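Residue-level structural notes
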Amino acid sequence: MNRRDFLGIGATASSLLGPTSASLLAACATRGTRLAELQVASSWPLYRPEFVSPEGLTLTARHATVEIARGVSSPILTWGDGPVGPTIEARTGQRATIVMQNELDEPTIAHWHGLRPPESADGHPRLQVGRGERYVYEFVVREPAGLYWYHSHAHARTAPQVYLGLAGLFVVRDDVEKALDLPSGPHELTIVLQDKRQDAAGRLAYVPVGHDLMEGFLSDGPFVNGVRFPRIEVEAARYRLRVLAAANARIFRLGLSTGTPLTLIGGDAGLLDAPVEVPSIDLGTGERADLLIDFAGHEPGTVVRLRSLPFRSPGGMGMGGGMMGRGRMMMGGSGASAQGAELDLAEFVVTRGGPRSRPAPSRLATLERLPRSSAARERTFRFDSRMMMHTINGRRFEMERVDERVPFGAIEIWRFINDGPFPHPVHMHAVHFQVLSRSGGRARVFPWERGWKDTVLVFPGESVDVIARFDSHRGMFLLHCHNLEHEDMGMMMNFQIE
Ligand SMILES: [Cu+2]
């Protein structure tokens, strides 16, 4: 990254968000601690965005001010009325006709993460539109039932725009899912996990400096559906909890304060073949988990916290290779807790008895497996971060440069190698993939990586092989790190399916 870009990020953010001086930030951090206690002490209900159809939908990107905690308002960016966008709900096979109208003071574009629309509807940053302009999307939703999402893919401005609210969920339903009779209606919860910093007045503050631009922008404030540490009232019944990790840089190790295992039924791009019980699930930005959680047997008044459990993350700043353990470790008054620090995200409060829980189905979906032997070729992508540079195979993103050419219909193995000190959630547009293997580092494929995926976490020292069939559409698509600061700073490349 050159110096002009470096200043560019800070300067644009500050014009949107106010003063940036170090002393003010330090003061905010001190007062922010008290603010945080206040906000946690009187938690705010979960924000539940409205459900909308993808047919004839208009999403207007605009500035707004909304309540993000009890008595705390903040300027945000939004595609609807709230701190996350409306939830788009579609059936497999349904046609999406969506107008994205830009009323921001800067360019933007929407990308449908996990869907595989044609190039013209994929939200490549070269398609971004300026204030007062619109972009029209037309595509068929061909994906299986799953939790997908949409977010800004603005050129070098994805991080601030997503952070400030330009993200929403895209739920796809199909007959396979319907036949399973999973918890639905009020017993299906969809949530977006993020972490955010606030200034002394509680307003969202996005001012990345120094290490924020290397590790990514980490914060100590847990936000769920755009609201700080919300309270989610539940019956003593089984729930389907569908989770998107959408922080700028934080990786969540999702678990419950009760220590109850999570029943995992789906991942990024649909259901697994069978449920699996796990103590916790690691989600990097862009990854999703479909869970069953049973509150049956809990007395009214019981509080169960959804939390990110502590884990060791290499690459943390000045902590001998990452911090471990309980509690928060503040980094230089910046209002951040380290990657891997424990963080309470939301609380479920059991308010009354509920219907008797049915057991989880023993079989879910039938998944086609792509064997390693089916691949026509392998390609290697090395992700590295050093000297304020984030690169893939030594290069930063260039808007029009085609870095790889893949024949239409080919099956290929793509190997993602992390040579640097920070984790990278690697995301592919245009395809779903299966994770074949992971060597180095954690050296295994996890249960939540056994279905179709579009994003995979690659920790330092790891090499992860994924396999995909490139048969959605011809055109130019993106491979990138979904750490939003890494992405904005160029850890992204184009591949052409031809
Ligand atoms: Cu990255």
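A word on the sheet that holds strand S18 (residues 281-283)
- Read from one edge to the other, the open sheet built from five strands follows the order S13-S21-S20-S15-S18, with strand pairing classed as mixed. Each of the sheet's edge strands pairs with one partner strand only, and the pair in question is strand S13 (231-236) and S18. When strand polarity is set aside, the average angle formed by the axes of neighbouring strands in this sheet is 30°.
- Where strand S15 (residues 252-256) lies against strand S20 (residues 303-308), three bridges are found, and the strand directions are antiparallel. Residue Gly255 lies in a different strand from S20, and its bridge partner there is Arg307.

Some words on the coordination of the copper ion
- For the copper ion, the protein coordination sphere consists of His424 (ND1), Cys481 (SG) and His486 (ND1), at 1.9 to 2.1 Å.
- Positions of the donor residues of the copper ion along the chain correspond to the pattern H-x56-C-x4-H. Of this pair, His424 sits in strand S26 (residues 424-428) while His486 sits in helix H6 (residues 484-488), placing them 62 residues apart in sequence.
- The class of His486 is buried, set by a relative accessible area of 0%.

Points about the packing of aromatic side chains
- Enumeration over the complete set of coordinates arrives at 19 aromatic pairs.
- With a centroid separation of 6.1 Å and 75° between ring planes, the pair formed by Trp112 and Phe170 is classed as edge-to-face. Here Trp112 is found in strand S6 (residues 110-113), whereas its partner Phe170 is found in strand S9 (residues 167-173), with 58 residues between them in sequence.
- Among the residues examined, Trp112 registers a relative accessible area of 0% and is labelled buried.
- Relative accessible area serves as the criterion here: at 0%, Phe170 is assigned to the buried category.
- Seen in terms of ring centroids, Phe470 and Phe495 are 5.8 Å apart; in terms of plane orientation they differ by 90°. Their pairing is edge-to-face. With Phe470 in the loop between strand S29 (463-469) and strand S30 (475-481) and Phe495 in strand S31 (residues 492-497), this residue pair connects regions lying 25 residues apart in the sequence.
- Using a relative accessible area of 0% as the deciding quantity, one classes Phe495 as buried.
- Cluster of aromatic residues (ring-pair linked, three or more members): Trp79, Trp112, Tyr135, Tyr137, Phe139, Tyr150 and Phe170.

Focus: the pattern of salt bridges
- Evaluation of the coordinates by the stated rule reveals 45 salt bridges.
- Of the charged contacts, one joins Arg173 and Glu188 as a salt bridge, the two residues approaching to 3.1 Å between their closest N and O atoms. Remark: Glu188 occurs in strand S10 (residues 188-196) and Arg173 occurs in strand S9; sequence separation between them is 15 residues.
- On the accessibility criterion, Arg173 (21% relative accessible area) is partly exposed.
- On the basis of relative accessible area, Glu188 is assigned to the buried category, the value being 13%.

As for the side chain of Gln339
- Mapping Gln339 onto the fold places it in the loop between S20 and strand S21 (343-353).
- Among the polar contacts made by the side chain of Gln339, one reaches the main-chain carbonyl oxygen of Ala249 at a distance of 2.9 Å.
- For Gln339, the side chain forms a polar contact with the main-chain nitrogen of Ile251, separated by 2.9 Å.

A closer look at the nonpolar core
- Ranked by size, the top nonpolar core spans 102 residues in total, and within it Trp112, Tyr137 and Phe348 carry the most contacts.
- The element that contributes the greatest number of residues to this core is strand S2 (residues 55-69), accounting for seven residues.
- Taken together, domain 1 (185-353) and domain 2 (372-497) each give at least three residues to this core, which thus spans both.
- Residues Val431, Val466, Leu479 and Met491 belong to the second largest nonpolar core, which totals 27 residues.

Section: the confidence of the model for the chain
- For the chain, the mean per-residue pLDDT works out to 89, and 87% of the residues sit at or above 70.
- Throughout residues 1-33 the model reports pLDDT below 50, and contacts reaching past four residues in sequence, or to other chains, amount to 34 contacts.
- Across residues 317-333, where pLDDT falls below 50, the model places 41 contacts with residues more than four positions away in sequence or in other chains.

Conventions and cut-offs
- Residues numbered from 1 in each chain as written.
- Predicted model: local features only at pLDDT ≥ 70, side-chain atom pairs only at ≥ 80, totals over all residues.
- Heavy atoms only, no water.
- Pairing = 2+ DSSP bridges.
- Helix = DSSP H or I, 4+ residues; strand = E, 2+ residues; numbered from the N terminus.
- Axes fitted to C-alpha atoms, helices over the stretch in contact; angles between N-to-C directions.
- Donors = N, O, S within 2.8 Å, 3.2 Å for Na, K, Ca; no water.
- Buried < 20%, exposed > 50% of the residue type's maximum accessible area, 1.4 Å probe, protein only.
- Phe/Tyr/Trp six-rings, centres within 6.5 Å; stacked < 30°, edge-to-face > 60°.
- Salt bridge = Lys/Arg side-chain N within 4 Å of Asp/Glu carboxyl O.
- Polar contact = N/O pair within 3.5 Å; in protein donor to acceptor, adjacent residues only side chain to side chain.
- Core = buried A, V, L, I, M, F, W, Y, C linked by side-chain atoms within 4.5 Å.
- Domains from an automatic or database assignment.
- pLDDT = per-residue confidence, 0-100.
- Contact = heavy atoms within 4.5 Å.

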